[in-house]
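Structural characterization, general
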Amino acid sequence: MSTSTAEKHTFQAEIQQLLDLVVHSLYTDKEIFLRELISNASDAMEKLRHLEATEKNIHQADLPLEIHITTDEEGKTLTIADHGIGMTHDELVENLGTIAHSGTKAFLKAVKESGGSPSNMIGQFGVGFYSAFMVADKVSVHSRSWRADGGELVWTSDGMSGYEIADSPGQQRGAKIVMHLKEDCAEYATESRVKHLIETYSNFVGFPILLNGKRVNEVEALWLKNKSEVSDEQYKAFYQFACKAWDEPSYRLHFSADAPLAINALLFSPSENPERMGFNKTECGVALYSRKVLIDPAPKELLPDWMRFMKGVVDSADIPLNISRETMQDSALIRKLGGVISKRVIKMFEKEAEADPEKFRGFYRKFDRFFKEGVATDYANREALAKLLRFETSLTEAGSVCGFTDYVSRMKDGQESIYYLVGSTREQIESSPYLEAFKSRGLEVVYFNDAVDEYVVDALGTFDGKKLVSVRHAGVELEDQAAEGDSLSEGETKALCEFLKNELGERVVSVSSGKRLVENPVIALVPADGMSPQMRQMMKAMDENFKDEVKVELEINPRHALIRKLAQAKDSNPELAKLVSLQLLDNALIAAGLLEDARDTVSRMNALMQKAMGD
Ligand code: ADP
C-alpha cells in the first residue's frame, strides 16, 4: 500500500463505540469471528450468483466461487478471500465505516439496554465484520467490486479511531480480508485450530472452503436437498456425523416449507434412549442454522423440552444470523418456528405409527417417557401427543398395546367416558375388584402401569372430548344390569346401609348399594378428587409425617351371600355383625391398596376365625 495515495477517514461515533466494546470487553467466544467472516464471504458470493442472471458485464466473470482461507503461523496472519461482489470505494465507506446495517444496530441497542456490560454478550451476538477486531489489531480488506469501474482498493484499520483507503493493484474481484492477529490470538494462525472452527461453524456453507489449498467442508447441507436426491446411506451418514450419533436413526423427517416461515429441516429420532440407560438428561440435539450457517448448536428455546431426544438441523432463512440467545428466548419468530417443527414431528410419528404399528411399538417402549412428558407439559401439543400414547387394556392381550384412538373407536353406544385403572402390573390391575363391573358390562378399561401415568392422565383430562375416568372413583354412572339370584329387598338394603354407616362412622363418607359388584360383597371407592394409592405412596416416601385420612365411599352388593347374612345378623347377633362390618371395610381397603394400619385387622380376624370355629 502506498501511503501517499491513502486517504484517511474517521469512524462514525457509533462504530467507534462498538469497536471499543469489541476490543476491550471480550473474554469468551472470540472464535465466532471466523463464522461471521465466512458468512459474509458466502453472502457476497450468493449475491454474485444472483447478479449472474441479470448482468452481462461482471468483472472477471470466470473466477471460481470459493472461499480461500490461509494461515501464516510465522507472520501471525489469517486471510479470508472470496470472489463475491466485492466493494467499491463508496461501498467500503458505507459498509465498513458507518452503521447502516441491522445486526450491529441491534447489538448496540442490546448493550445499551443491558446497562453497558457487554462482556458476556459479545460472544453470543454476531457483531459481523467488526468481530475481526476481537482477535486482530490490524485488518486489511482488499477489494475489487464486480462493477467495471470498481477500482482495486484496500481498506485498513487498527480498529481504533479510523481507517484508510488506498490502492491495491492486482486485487481480483471479491474481498480478501487479512487479519494481523493479536499476540494472545496467535492460535488463529494455526491450521488445525482454524480447521476445527470451520468444521464447527461453517461445515455446511454452500461454497467450497479451502484451507491452505485443501478443501475442508466436504459435508453437504443435505437438508437443503430434495428428498428424492438423498439416499438412505447419505441420511445415515449425516445423522452419525453431523448429529454425532452412534446408533441408527429410527425415524426421520425431511421437509421444507415457505410459509409461514422459510424452513428446511432434517430431523431424526435415535433408536436408543440414553436417558433410559441411566445417562443424564439428554441435551437438545437439534441445531439451528440460517442459510447453512450455524446459529446455535443446541437452541433450548426452539423446541419443547420433551423433544430433546430428536437430533438434526433446522434451517430458517428468516432467522437473522446475529440473533442473540437472549433475544431467542422471547422471540416470537423462534416460537413460531418451534411450533411449526414440533407439529410436523408429532404428525410424522403419528403417520409412522399407523404405517408400521409394530415398529412404533418397539420405539415407543424406549421413548415413551418423552411422549408422556410432552402430554404433561406441552399444552399446545397435548391432544396430538395423546394419540401417540400406547397401553394395554382389558381388551388387548397381555403384551399387546393400543392407543386412545383405537379405544374410542371401540366405545359402546352411549359410553361417554374413557375408563382407566392405574396399577403396577397387568396382573395386579386385573385382580382389582374395581374391574368387575366394567368387564361384566363389556366396557373397556385402559391399564396404566407406569409410575408417571397418573400425572399424565391428570394433565390430559380428556381425549377427543371424552373424559378420562378412573374406575376406582365414586360417582361413575353405570347402566343397570339384570341381576340374577336372590337379593336383599330395597328396605333391607337401606337398613343395612344405615347400620354399616353407624358402625363404621367417620371412616366412610357413605354406604350405599352399588351397581358395580358381581363377585365381591363390598368395594371401597375413592372420591374423584382423592389420591390414588400410587400417589399416596409417593407422598409418604417424600414426607415421613405424611398423613392423609382415607375416606372412602363403600358400596355393598345386596346379592352377595355374605351381605344377605349380615343383614340378618345385625338383628340376631349384633356383636358378630359389628366385627364383620369392620372387617368388610378393612378387606375393601386392602383390595384397594388403601389400608394404612393393619393391627386391628389382624386381631379382629383372629376373633372372627375363633367364632367361625365355634368359639
Ligand atoms: P452484516 O453482514 O450484518 O450486514 P457486517 O458488519 O458483517 O454486517 O458487514 C457489513 C457489510 O459489509 C455487509 O452488509 C456487506 O455489504 C459488506 N461486506 C462484508 N464482508 C463482505 C465481503 N466479503 N464481500 C463484500 N461485501 C462485504
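The notes below deal with the structure included here. Only a predicted model underlies this, so the values are computations on that prediction, with no experimental measurement involved. (Residues numbered from 1 in each chain as written. Predicted model: local features only at pLDDT ≥ 70, side-chain atom pairs only at ≥ 80, totals over all residues. Heavy atoms only, no water.)

1. Considering the pattern of salt bridges
With the rule as written, the count across this model stands at 34 salt bridges. Here Asp 464 makes a salt bridge to Lys 466, at a shortest N to O gap of 3.6 Å. Close ionic contact of Glu 575 with Lys 611 constitutes a salt bridge, the shortest N to O distance being 4.0 Å. Residue Glu 575 is located in helix 19 (residues 574–592), and its partner Lys 611 is located in helix 20 (residues 599–612); the two are separated by 36 residues in the primary sequence. (Salt bridge = Lys/Arg side-chain N within 4 Å of Asp/Glu carboxyl O. Helix = DSSP H or I, 4+ residues; strand = E, 2+ residues; numbered from the N terminus.)

2. Structural notes on the environment of Glu 199
Looking at the element boundaries, Glu 199 is found in helix 6 (residues 191–201). Each C-alpha atom, one on Glu 199 and one on Val 216, is 7.4 Å from the other, the two residues being 17 residues apart in sequence.

3. What to know about the site of the ligand
Close contacts around the ligand come from 13 residues, with Asn 40, Asp 82, Asn 95, Gly 128 and Phe 129 the closest. With respect to the ligand, the side chain of Asn 40 contributes an N or O atom lying 2.8 Å from an oxygen atom. Side-chain polar atom of Asp 82 to a nitrogen atom of the ligand: 2.9 Å apart, as the coordinates give it. Bound to the protein, the ligand loses 83% of the 530 Å² it would expose on its own. Only helix 2 (32–54) and helix 3 (89–97) provide two or more residues apiece to the shell around the ligand. Ranked by residues supplied to the shell around the ligand, first place goes to helix 2 with 3 residues. Looking at the shell around the ligand residue by residue, the class counts come to 7 nonpolar, 5 polar and 1 charged. (Near = heavy atom within 4 Å. Polar contact = N/O pair within 3.5 Å; in protein donor to acceptor, adjacent residues only side chain to side chain. Areas by Shrake-Rupley, 256 points an atom, 1.4 Å probe, with all protein chains shown as cover. Nonpolar A, V, L, I, M, F, W, Y, C, P; charged D, E, K, R; others polar.)

4. Some remarks on helix 6
Those residues of helix 6 lying buried are Val 194, Leu 197, Ile 198 and Tyr 201. Down the axis of helix 6, the buried set is contained in an arc of 100 degrees. They therefore lie on one face. The elements touched by buried residues of helix 6 are helix 2, strand 2 (67–72), strand 3 (77–82), strand 8 (209–211) and strand 13 (293–296). (Buried < 20%, exposed > 50% of the residue type's maximum accessible area, 1.4 Å probe, protein only. Arc of directions from axis to C-beta. Contact = heavy atoms within 4.5 Å.)

5. Digging into unusual backbone geometry
Going from Ala 259 to Pro 260, the amide bond is cis rather than trans, its omega being 0 degrees. Its location among the elements puts Pro 260 in the loop between strand 10 (249–257) and strand 11 (263–270). In this structure, Lys 76 takes a positive phi of about 50 degrees despite not being glycine. Examined against the element boundaries, Lys 76 turns out to sit in the loop between strand 2 and strand 3. Located in the positive-phi region is Asn 212, a residue other than glycine, with phi close to 50 degrees.

6. Observations regarding empty space enclosed by the protein
In the structure shown here, the tally under the stated rule is 1 cavity of 30 Å³ or more. Estimates place the volume of the largest cavity at around 60 Å³. Taken together, Tyr 364, Lys 372, Leu 389, Arg 390, Phe 391, Phe 404, Phe 448, Asp 453, Val 456, Val 457 and Leu 460 make up the lining of the largest cavity. In terms of residue count, the dominant contributor to the lining of the largest cavity is helix 15 (residues 453–460) (4 residues). (1 Å grid on protein atoms, 1.4 Å probe; cavity = no way out; pocket = protein on both sides within 12 Å on 5 of 7 lines; lining within 4 Å. Points joined across faces, edges and corners; volume = space filled by probe spheres on them.)

7. Some remarks on the sheet that holds strand 2
Here 9 strands make up an open sheet; going across it, the order is 1-6-5-4-7-3-2-8-9 and the pairing mixed. On the outer flanks of this sheet lie strand 1 (7–10) and strand 9 (214–215), each paired with one strand and no other. Where helix 2 meets the sheet, it contacts strand 2, strand 3, strand 7 (174–181) and strand 8, and its direction lies at approximately 20 degrees from that of strand 3. Against the sheet, helix 3 engages strand 1, strand 4 (136–144), strand 5 (152–157) and strand 6 (162–167), with an angle of about 160 degrees to strand 6. (Pairing = 2+ DSSP bridges. Axes fitted to C-alpha atoms, helices over the stretch in contact; angles between N-to-C directions.)

8. Digging into the environment of Glu 358
The residue Glu 358 is located in helix 10 (residues 357–377) in this model. Sequence separation between Glu 358 and Ser 400 is 42 residues; the distance between their C-alpha atoms is 9.7 Å.

9. Quick notes on a nonpolar patch on the surface
Judged by side-chain polarity, Trp 246, Met 277 and Phe 279 come together as a nonpolar surface patch covering roughly 410 Å² of accessible area. In this fold, Phe 279 is placed in the loop between strand 11 and strand 12 (285–290). (Patch = residues over 30% accessible without salt bridge, like charges linked within 9 Å, V, L, I, M, F, W, Y side chains within 5 Å.)

10. Structural notes on the sheet that holds strand 22 (residues 552–556)
Strand order in the open sheet made by the 3 strands is 20-22-21, with mixed pairing throughout. Each edge of the sheet is formed by a strand with only one pairing partner; in this case those strands are strand 20 (508–513) and strand 21 (522–525). When strand polarity is set aside, the average angle formed by the axes of neighbouring strands in this sheet is 20 degrees. Packed on one face of the sheet, helix 19 meets strand 20, strand 21 and strand 22 and runs near 60 degrees to strand 21.

11. A closer look at the packing of helix 9 (residues 332–355) against helix 10
Interhelical geometry of helix 9 versus helix 10 gives an angle of 145 degrees and a closest axis separation of 8 Å. Crossing hand, helix 9 versus helix 10: left-handed. The segment helix 9 lies against helix 10, with Phe 349, Ala 353, Glu 354 and Ala 355 engaging Pro 357, Phe 360, Phe 363 and Phe 371. The residue makeup of the contact of helix 9 with helix 10, split by class, is 7 nonpolar, no polar and 1 charged. (Left-handed = near helix turned anticlockwise from the far one by under 90°.)

12. Concerning the nonpolar core
One finds Val 314, Ile 341, Phe 349, Phe 371, Phe 404 and Tyr 419 to be the most contacted residues of the largest nonpolar core, which totals 100 residues. When sequence neighbours within four positions are dropped, the list of residues in contact with Phe 349 reads Tyr 251, Ser 269, Phe 309, Met 310, Phe 360, Phe 363, Phe 371 and Leu 388. One finds Leu 19, Phe 33, Val 135 and Val 216 within the second-largest nonpolar core, a separate group that totals 71 residues. (Core = buried A, V, L, I, M, F, W, Y, C linked by side-chain atoms within 4.5 Å.)

13. Looking at the packing of helix 10 against helix 15
Where helix 10 contacts helix 15, the axes come no closer than 8 Å and their chain directions differ by 40 degrees. Relative to helix 15, helix 10 is oriented so that their crossing is left-handed. Residues Lys 372, Val 375 and Ala 376 of helix 10 pack against Asp 453, Val 456, Ala 459 and Leu 460 of helix 15. Within the contact of helix 10 with helix 15, the residues separate by chemical class into 5 nonpolar, no polar and 2 charged.

14. Section: the environment of Ala 495
For Ala 495, the location among the structural elements is in helix 16 (residues 490–504). With a relative accessible area of 30%, Ala 495 lands in the partly exposed category. Each C-alpha atom, one on Ala 495 and one on Lys 570, is 9.7 Å from the other, the two residues being 75 residues apart in sequence.

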